[in-house]
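Coordinate analysis (summary)
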Protein chains: 2
Amino acid sequence: MKVGVIGGGQLGQMLAQAGTSLGMKFSFLDPAKDACAASLGQHICANYDDKQALRQLAEEVDVVTFEFESVPAETVAFLSDFVPVYPNAESLRIARDRWFEKSLFKSLAIPTPEFANIESQQDLEQAVAEIGLPAVLKTRTLGYDGKGQKVLKQPSDVSNAFAELGNVPCILEGFVNFSGEVSLIAVRGQDKVIRFYPLVHNQHNQGILHLSIASEQHPMQGLAESYVAKVLEKLDYVGVLAFEFFEVENGLKANEIAPRVHNSGHWTIEGSVASQFENHLRAIAGLPLGSTHKRGESAMLNFIGSIPAKDQILSIENCHLHDYSKAFKAGRKVGHATINCNNINDLKQIVSHVETLIKG
Amino acid sequence: MKVGVIGGGQLGQMLAQAGTSLGMKFSFLDPAKDACAASLGQHICANYDDKQALRQLAEEVDVVTFEFESVPAETVAFLSDFVPVYPNAESLRIARDRWFEKSLFKSLAIPTPEFANIESQQDLEQAVAEIGLPAVLKTRTLGYDGKGQKVLKQPSDVSNAFAELGNVPCILEGFVNFSGEVSLIAVRGQDKVIRFYPLVHNQHNQGILHLSIASEQHPMQGLAESYVAKVLEKLDYVGVLAFEFFEVENGLKANEIAPRVHNSGHWTIEGSVASQFENHLRAIAGLPLGSTHKRGESAMLNFIGSIPAKDQILSIENCHLHDYSKAFKAGRKVGHATINCNNINDLKQIVSHVETLIKG
């Protein structure tokens, strides 16, 4: 089976590593000449809206998926005329727009922070009056890793905020008093079977994921699964979906979804029976899903901007390096480490050790 | 780091899957247009003695290794003038020739079956008189998967045997009354550190490996390690070496070595902390070696000629498919499954299940 991937970054790379074992070959559409996944398959070096390139991709492959949600809707629509695309266009349309996303949560009775659609400074001022401060103004599309958002703490933060985010459609989200952030990685097959990985605790630094720890029997696992299943079924979703939640007193509040394999699921490569990458590919290929069971205790630490001395990382027993072969650049995800142990105390000790190396 | 691999079959493919996580890029030299590893890197489609192609490979990469031991000695010698090649030329020279190999075992006091060098029918008859029957006549080079050998049970088997194997240099090996076959996968780094995986029990069908089961504290582990360490140190070896032994009463007899990652080590992908592929690459790149510890209990079953229905294989919990994307052909290794469980009884049950699917 030949799989086409829109985007050729590290997620594409890890998809190809996993899919090769399933007998799959890969084609990546990515305008970047140095796209890191490119060496693991055919690289169609073209813009995402290049119809000729899209046509070429569709002809070469049996199924298409994507590794980021900001793919133009027209790209997916165009491709869908020639080749199956998973997840489907509707899932992408919802997931790439915070207004559609939050509206979906609301319609499915999934708790989420208060929110309002903002198309002008006037909308913003009215919404602040209703929702109150503090609140967060976020662009509806294209935000990631903390980009495209502004925290509004006091009235003076509000006055020019819509312009500061570029006069583009936004949503205002009410402040949530949360104790932690968790994500649930789920996968749904073409046969409608759903499997869930265990909830993952996530810690961010300056808006970018820093540390994920797979939890052991989180009390909210069942609740999270019920929320995620509603979304998967509503969207007739096929593939891996990542769902981020705020942990609040006695429950969860939905933050956002990503219609793809997700950074907080990277630990599954070593830490679960079948990784999120393998399960995404099984799903889009119409194959039975693999087990999402944990193998021991796992954590994932991102390498942002640079990777610490490789020989030091590789000298740590039970620490697995993932180097994305990307040029080092401040704020850029260039690799990660998975730590996998038999018990949580050893895990925490190694996490601290790797954090020390990251701090240099 | 860029790694050049002589050969682009499934071993090259699995090297590239593992090495990608270490930030490596791959170039494969293989004359086959449909070499299965080719899509995971640069493919130099040329014969192994094509000097221009070898020069191109040497210029593109930082280090060269190989995935089969029948690489022409001249190829390694030529490449070594331009780029480091691991394992070294001497290791390859020994490992590709049964006479040199057995002579090395003997010189290191590693028990091995009786053997004699055979360069004519006359040599053969003299050796049979000394060693006795039954015995096995094997070509010194190019034998694999039971090819290039003939069992001699009675005098009439001897009379035309040298011609039957093509009038090429052979060795005669005395019959060994063995209870089982085991292999030890070892890796030695540029820093001379050696690590061993647990001994693996191997079962062959018609000369081709069928089943490998990683053993739990085999009583001969220490003895095997001592033999393998002698060879690694004598050859100043860098990389993974596979060493096959016969299990005999109170000991082991050396059968053969392979200077490369090996089929009986494929289970390490899911079954150990760092796989044989990752450790081979760490070694040749001068990086610290990874842990060879087992994770649970593991077995590997080869798919010879064809792969059973994929959806059935993938429906088995704890069974991992490896499809080499090779055209199906009788006697050809086209994939394998790794079974990984917490206990040996579950493991054996799943092995039986997969064997049933293999038999169709």
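What you are looking at is a predicted structure, and each value in this text was computed from that prediction instead of being measured.

In this section: the pairing of strand S16 (residues 319-323) of chain B. Where a strand is regular, its side chains alternate between the two sheet faces. Residues and elements named next belong to chain B. Burial analysis of S16 places five of its five residues in the buried class, the great majority of the element. Of the two faces of S16, the one lined by Cys-319, Leu-321 and Asp-323 and the one lined by His-320 and His-322 are each fully buried. Note: S16 against strand S17 (residues 333-341), five bridges, orientation antiparallel. Pairing of His-322 across the sheet is with His-336, part of S17.

A word on helix H3 (residues 73-80) of chain B. All names here are of chain B. For H3, the complete set of buried residues consists of Thr-75, Val-76, Phe-78 and Leu-79. One face of H3 carries all of its buried residues, which in axial projection span an arc of 165°. In this structure, the buried residues of H3 make contact with strand S1 (2-6), helix H2 (51-60), strand S4 (63-66) and helix H4 (89-95).

Okay, the side chain of His-322 of chain B next. Secondary-structure assignment places His-322 of chain B in strand S16. Only 2.6 Å separates the side chain of His-322 of chain B from the side chain of Glu-270 of chain B, close enough to count as a polar contact. Sequence-distant contacts of His-322 of chain B, defined by excluding residues within four places in its chain, comprise Ser-21 of chain A together with Ile-269, Glu-270, Val-334, Gly-335, His-336 and Thr-338 of chain B.

This part takes up the relation of the copies chain B and chain A. Least-squares fitting of chain B to chain A yields an RMSD of 0.0 Å, with the superposition described by an axial translation of 0.0 Å and a rotation of 180°. The transformation relating the two chain copies, once decomposed into turn and shift, fits a two-fold axis. The position closest to the rotation axis in chain B is occupied by the C-alpha of Leu-40 of chain B, lying 2.1 Å away. Residue by residue, 100% of the interface of chain B is reproduced at the interface of chain A, so both copies engage with the same surface.

All right, on to the interface of chain B and chain A then. Facing the 35 residues of chain B at the interface are 35 residues of chain A. Of all residues in chain B, Ser-21, Arg-295 and Leu-314 of chain B bury the most surface against chain A, accounting for 19% of the area lost on that side. Along the contact surface separating chain B from chain A lie two salt bridges. Across the salt bridge formed by Glu-317 of chain A and Arg-195 of chain B, the nearest N and O atoms sit 3.9 Å from each other. On inspection of chain B and its partner chain A, the count reaches 27 residue pairs in polar contact (both at pLDDT 80 or more). Counting residues per element, the ones that place at least two in the side of chain B that touches chain A are helix H1 (10-21), helix H12 (310-314) and S16 of chain B.

What follows deals with the packing of aromatic side chains. How two aromatic rings sit relative to each other is given by the distance of their centres and the angle of their planes. Residues and elements named next belong to chain A. The final tally for this structure, using the stated rule, is 18 aromatic pairs over all chains. Ring plane angle 65° and centroid distance 5.6 Å describe the contact between Trp-99 and Phe-115, whose orientation is recorded as edge-to-face. Here Trp-99, found in helix H5 (residues 98-107), pairs with Phe-115, found in strand S5 (residues 115-118); they are 16 residues apart in sequence, far enough to count as distant. The class of Trp-99 is partly exposed, set by a relative accessible area of 26%.

Moving on: the sheet that holds strand S3 (residues 42-44) of chain B. Two orientations exist for strands paired in a sheet by backbone hydrogen bonds: parallel and antiparallel. All names here are of chain B. Sheet architecture is open: four strands sit in the order S3-S2-S1-S4, paired in parallel fashion. With one partner strand each, in any of the chains shown, S3 and S4 form the two edges of the open sheet. In this sheet, adjacent strand axes meet at a mean angle of 25° when their direction is disregarded. In the sheet, strand S2 (residues 25-29) pairs with S3 via three bridges, with the strands oriented parallel. Paired with Leu-29 across the strands is Ile-44, a residue of S3.

Our focus in this paragraph is the nonpolar core. By size, the foremost hydrophobic cluster in this structure holds 112 residues, and its most contacted members are Phe-26, Leu-281, Ile-339 and Val-354 of chain A together with Leu-281, Ile-339 and Val-354 of chain B. Counting residues in hydrophobic clusters, the runner-up holds 27 residues, among them Phe-105, Leu-108, Leu-235 and Tyr-237 of chain B.

What follows deals with the environment of Ser-107 of chain A. Residues and elements named next belong to chain A. Along the chain, the position of Ser-107 falls in helix H5. Put simply, Ser-107 and Gly-8 are 99 residues apart on the chain and 34 Å apart in space, counted from C-alpha to C-alpha. Within the local environment of Ser-107, its side chain forms a polar contact with the backbone oxygen of Leu-104, the two atoms lying 2.8 Å apart.

This part covers the sheet that holds strand S6 (residues 135-139) of chain B. All names here are of chain B. With antiparallel pairing, the four strands of this open sheet are ordered in space as S5-S8-S6-S7. Every other strand in the sheet has two partners, leaving strand S5 (115-118) and strand S7 (149-152) as the edge strands with one partner each. If you compare each strand with its neighbour and ignore which way they point, the axes differ by 20° on average. Strand direction decides the pairing type here: S5 and strand S8 (residues 170-174), joined by four bridges, are antiparallel. Among the inter-strand pairings, Ile-118 is bridged to a residue of S8, identified as Cys-170. Docked against the sheet, helix H5 (residues 98-107) engages S5, S6, S7 and S8, running at close to 145° with respect to S5. Packing of helix H6 (residues 121-131) onto the sheet brings it into contact with S5, S6, S7 and S8, and relative to S5 it is tilted by some 170°.

Let us now look at the packing of helix H1 (residues 10-20) of chain A against helix H11 (residues 276-284) of chain A. Residue and element names in this part refer to chain A. Axis separation between H1 and H11 bottoms out at 8 Å; the angle between their running directions is 75°. Taken as axis vectors, H1 and H11 run roughly perpendicular relative to one another. The segment H1 lies against H11, with Leu-11, Met-14, Leu-15, Ala-18 and Gly-19 engaging Phe-277, Glu-278, His-280 and Leu-281. Residues belonging to the contact of H1 with H11 are distributed by class as follows: six nonpolar, two polar and one charged.

Residues and elements named next belong to chain B. Put simply, H2 and H3 touch, their axes get as near as 10 Å, and they point 45° apart. Relative to H3, H2 is oriented oblique. Once H2 is placed against H3, the crossing between them reads as right-handed. Contacts from Lys-51, Leu-54, Arg-55, Leu-57 and Ala-58 in H2 reach Thr-75, Phe-78 and Leu-79 in H3. Residue composition of the contact of H2 with H3, grouped by class: five nonpolar, one polar and two charged.

Residue and element names in this part refer to chain A. Summed over the entire model, instances satisfying the criterion amount to 32 salt bridges over all chains. Close ionic contact of Glu-216 with Lys-294 constitutes a salt bridge, the shortest N to O distance being 2.4 Å. Pair noted here: Glu-216 is in the loop between strand S12 (208-214) and helix H9 (221-234) and Lys-294 is in the loop between H11 and strand S15 (297-304), with a separation of 78 residues, a long-range link. Given the relative accessible area of 47%, Glu-216 is considered partly exposed. Taking relative accessible area as the criterion, Lys-294 reaches 22% and is therefore assigned partly exposed.

Right, let's talk about the confidence of the model for chain A for a bit. Of the residues in chain A, 99% reach a pLDDT of 70 or more, and the chain-wide mean stands at 96. The ipTM for the predicted assembly is 0.95, set against a pTM of 0.96.

Criteria and thresholds
- Residues numbered from 1 in each chain as written.
- Chains lettered and ligands numbered in written order.
- Predicted model: local features only at pLDDT ≥ 70, side-chain atom pairs only at ≥ 80, totals over all residues.
- Heavy atoms only, no water.
- Buried < 20%, exposed > 50% of the residue type's maximum accessible area, 1.4 Å probe, protein only.
- Helix = DSSP H or I, 4+ residues; strand = E, 2+ residues; numbered from the N terminus.
- Pairing = 2+ DSSP bridges.
- Arc of directions from axis to C-beta.
- Contact = heavy atoms within 4.5 Å.
- Polar contact = N/O pair within 3.5 Å; in protein donor to acceptor, adjacent residues only side chain to side chain.
- Least-squares fit on C-alpha atoms with pLDDT ≥ 70 in both.
- Buried area = accessible area lost by both parts, 1.4 Å probe.
- Salt bridge = Lys/Arg side-chain N within 4 Å of Asp/Glu carboxyl O.
- Phe/Tyr/Trp six-rings, centres within 6.5 Å; stacked < 30°, edge-to-face > 60°.
- Axes fitted to C-alpha atoms, helices over the stretch in contact; angles between N-to-C directions.
- Core = buried A, V, L, I, M, F, W, Y, C linked by side-chain atoms within 4.5 Å.
- Parallel < 35°, antiparallel > 145°, perpendicular 65-115°, else oblique.
- Nonpolar A, V, L, I, M, F, W, Y, C, P; charged D, E, K, R; others polar.
- Left-handed = near helix turned anticlockwise from the far one by under 90°.
- pLDDT = per-residue confidence, 0-100.

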